[in-house]
Amino acid sequence: MEFITAHINYVLVAGGLLGLFIGGEALIRGAVALAEALKVPKLVIGLTIIGFGTSMPELLVALQSVQQGAPDVAVGNVVGSNIANVLLILGVGALLRPIATTARNVRREALIMLVVSGALTWLAWVGVLSQRDGLIMAGALVAYLLLVYLLEGRKGEEDIGPKVSLSPVVALIWMIAGLAALIAGADGLVRGATAIARDFGVSDAVIGLSLVAVGTSLPELTVTILSSIRRQNEMALGNVLGSNIFNILGILGITAAVHPLSIAPHFLHVDLPLMLAAAAWLSVVILRRKPIGRLAGLLFLLTYGGYMAWLVKGPALLGLH
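On a predicted model such as this, the values are computed, not experimentally measured, just so you know.

Definitions and limits used
Residues numbered from 1 in each chain as written. Predicted model: local features only at pLDDT ≥ 70, side-chain atom pairs only at ≥ 80, totals over all residues. Heavy atoms only, no water. Helix = DSSP H or I, 4+ residues; strand = E, 2+ residues; numbered from the N terminus. Buried < 20%, exposed > 50% of the residue type's maximum accessible area, 1.4 Å probe, protein only. Contact = heavy atoms within 4.5 Å. Phe/Tyr/Trp six-rings, centres within 6.5 Å; stacked < 30°, edge-to-face > 60°. pLDDT = per-residue confidence, 0-100. Axes fitted to C-alpha atoms, helices over the stretch in contact; angles between N-to-C directions. Parallel < 35°, antiparallel > 145°, perpendicular 65-115°, else oblique. Left-handed = near helix turned anticlockwise from the far one by under 90°. Nonpolar A, V, L, I, M, F, W, Y, C, P; charged D, E, K, R; others polar. Patch = residues over 30% accessible without salt bridge, like charges linked within 9 Å, V, L, I, M, F, W, Y side chains within 5 Å. Areas by Shrake-Rupley, 256 points an atom, 1.4 Å probe, with all protein chains shown as cover. Salt bridge = Lys/Arg side-chain N within 4 Å of Asp/Glu carboxyl O. Expected span 1.5 Å × (residues − 1). Polar contact = N/O pair within 3.5 Å; in protein donor to acceptor, adjacent residues only side chain to side chain.

A.B. asks: Describe in detail the environment of G23, supporting the description with residues and values.
C.D. replies: Mapped onto the elements, G23 comes out in helix α1 (residues 2–37). When its relative accessible area of 0% is taken as the criterion, G23 is described as buried. Along the backbone, G23 and G185 are 162 residues apart, and their C-alpha atoms lie at a distance of 8.0 Å. The contact partners of G23, leaving out residues within four places of it in the chain, are G178, A181 and L182.

Listed below in structure tokens is the structure:
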């Protein structure tokens, strides 16, 4: 019986990852097509619908985790996803093809990402994201989206990728189906990953920072690989910046607004500082308008590999998890 239960958990994880991947892709395609049909500027689509769409798995995993009494998975998922977005996702993208950093307004997005990353690290020292904090963070996200629309909405359209030719009704069906797959995938991933972690004596925080974080970053990885293949990898950079902003303000903000979110002290030792350092590292490169070349991509990946190795052994040795 235990053998069957263990294998069911692995099936849940695999099915959850597949559901997140397929659901995220369907949601993005449907949302972009619907926005095009409604004549919403493409730049606004890229910064809002695509950024939020690729962050939807993190939101669903966070809400599921809190409901199932595993807040460390929710926090670890967001922190781990932001680390993975910069070091893993952009590392892979830069290895495939150097990423230009001269796109319009990319410096503004980088600075916003750096500020919100610093704000989360500061709030984490309190130990709890209260419902008031969550509402403020969600409100800041709304203000950010309004600012983007007011500044960019009438400046003309930019090509953020190939058109998705679907009727509004079909696009809506894609969105609903994608959301359903995301919900099912998030539930399966959290249930299976948490059970496996506990069976092996691994903490919820570690599994959230590693497996769940990478799993929910699959939409960003998909966008990055496809963008590099299509020679449009500037879109991957914008997607990572937007996704990291959404993860902090939207995912943790909405989750904390629904239920106060405790932040365990062990996140302060390595995880949050690395997230902030990665954001600062990327921001410096962008502010200098230097392309993210293959060497930088390799350094990103090596840093991420070292972090994964630390997650396996470091916390146990230091007694943090």
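A.B. asks: Outline the packing of aromatic side chains, supporting the account with residue identities and numerical values.
C.D. replies: As enumerated under the stated definition, the model contains two aromatic pairs in all. When the centroid spacing of 4.6 Å and the interplanar angle of 80 degrees are considered together, the rings of W281 and F300 count as edge-to-face. One end of the pair, W281, is in helix α10 (residues 271–287); the other, F300, is in helix α11 (residues 294–318), and 19 residues separate them in sequence. Residue classification places W281 among the partly exposed residues on the basis of a relative accessible area of 32%. Exposure remark for F300: the relative accessible area of 1% places this residue in the buried category.

A.B. asks: Lay out the confidence of the model for the chain with the relevant residues and their values.
C.D. replies: Low-pLDDT stretches of the model should not have their predicted coordinates read in fine detail. Confidence in the prediction of the chain, expressed as mean pLDDT, is 80, and 82% of residues score 70 or more. Looking over the chain, one finds the lowest element-wise mean pLDDT in helix α2 (residues 42–67), namely 70, and the highest in α10, namely 94. A low-confidence stretch, residues 156–162 stays under pLDDT 50, and its non-local contacts, those more than four residues away or across chains, total 17 contacts.

A.B. asks: Go over the environment of P273 with me, naming the residues and quoting the values.
C.D. replies: Locating P273 in the fold gives a position in helix α10. Note: C-alpha distance between P273 and T121 (152 residues apart in sequence) is 7.4 Å. Excluding anything up to four places from it in sequence, P273 contacts F267 and L268.

A.B. asks: Report on the environment of M56, specifying residues and quantitative values.
C.D. replies: Along the chain, M56 falls in helix α2. As a C-alpha pair, M56 and I28 span 28 residues in sequence and 10.0 Å in three-dimensional space. Every residue in contact with M56, bar those within four places of it in the chain, is listed here: L27, L179 and L182.

A.B. asks: Tell me what's going on with the packing of helix α4 (residues 106–124) against α10, and back it up with residues and numbers.
C.D. replies: The contact between α4 and α10 brings their axes to 9 Å, and the two run at 160 degrees. Judged by the angle between their axes, α4 and α10 are roughly antiparallel. The way α4 lies across α10 gives a crossing that is left-handed. On α10, the residues touching V106, R107, A110, L111, M113, L114, S117, G118, L120, T121 and A124 of α4 are L272, M275, L276, A279, A280, L282, S283, I286 and L287. For the contact of α4 with α10, the residue count by class is 15 nonpolar, four polar and one charged.

A.B. asks: Break down a nonpolar patch on the surface for me, with residues and values.
C.D. replies: There is a patch of nonpolar side chains on the surface, built from L95, W281, L295, L298, L299 and L302 and spanning about 550 Å² of accessible area. For the nonpolar patch, the leading source of residues is α11, giving four residues. By the element assignment, L302 lies in helix α11.

A.B. asks: Go over helix α6 (residues 168–199), please, and point to the residues and values.
C.D. replies: Spanning 32 residues, α6 covers 46 Å between terminal C-alpha atoms, matching the ideal 46 Å at 1.5 Å per step. Just downstream of α6, G201 is the residue with a positive phi angle, here 75 degrees.

A.B. asks: Describe the side chain of S283, listing the residues and the values that go with them.
C.D. replies: Inspection of the secondary structure assignment puts S283 in helix α10. Given the relative accessible area of 1%, S283 is considered buried. At 3.3 Å, the side chain of S283 forms a polar contact with the backbone oxygen of A110. Residues in contact with S283, not counting those within four places in the same chain, are A110, M113 and L114.

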